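So the chains spell out like this:
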Amino acid sequence: MKTKEKNYDLRKLLKPYANKWVALSRDHKTVIEKGDELKEVVAKVKSEDVIFLKVFPVDSFYMP
């Protein structure tokens, strides 16, 4: 099985949404909705073909 992976540079697109939840289009080019809580964003989104993402501040990092 061959998977096609692509890395997207979302820094410019997501910078205004620090500490928010966002719904991105599948092509990673458009923020469809934003909100403080995930359930708020899910309720606003009409399409099921989106990606939900928590945006961290630029000066922080996440380590699972």
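A quick note: this is a predicted structure, and the numbers were derived from the prediction, not measured.

1. Remarks on the overall build of the chain
In terms of helices and strands, the chain carries 2 helices and 3 strands. For the chain, the succession of helices and strands along the chain, N to C, is α-β-β-α-β. For the chain, the share of sequence-separated contacts (at least 6 apart) that also reach a separation of at least 24 residues comes to 35%.

2. Overview of the environment of Leu14
Relative to the helices and strands, Leu14 is located in helix 1 (residues 11-14). Sequence-wise, Leu14 and Lys54 are 40 residues apart; in three dimensions their C-alpha atoms are separated by 9.9 Å. If sequence neighbours within four positions are ignored, Leu14 has contacts with Val22, Leu24, Val31, Leu53 and Val55.

3. Focus: unusual backbone geometry
Of note, Asn19 is a non-glycine position whose phi angle comes to about 65 degrees, a positive value. Of note, Asn19 is situated in the loop between helix 1 and strand 1 (20-25). The phi torsion at His28 lies on the positive side, around 60 degrees, for a residue other than glycine. With respect to the helices and strands, His28 occurs in the loop between strand 1 and strand 2 (31-35).

4. Quick word on the pattern of salt bridges
In total, this model carries 5 salt bridges according to the counting rule given. Between Glu37 and Lys39 there is a salt bridge, with the nearest N and O atoms lying 3.9 Å from each other. Assessed through its relative accessible area of 43%, Glu37 is described here as partly exposed.

Reading the values: the criteria
- Residues numbered from 1 in each chain as written.
- Predicted model: local features only at pLDDT ≥ 70, side-chain atom pairs only at ≥ 80, totals over all residues.
- Heavy atoms only, no water.
- Helix = DSSP H or I, 4+ residues; strand = E, 2+ residues; numbered from the N terminus.
- Contact = heavy atoms within 4.5 Å.
- Salt bridge = Lys/Arg side-chain N within 4 Å of Asp/Glu carboxyl O.
- Buried < 20%, exposed > 50% of the residue type's maximum accessible area, 1.4 Å probe, protein only.

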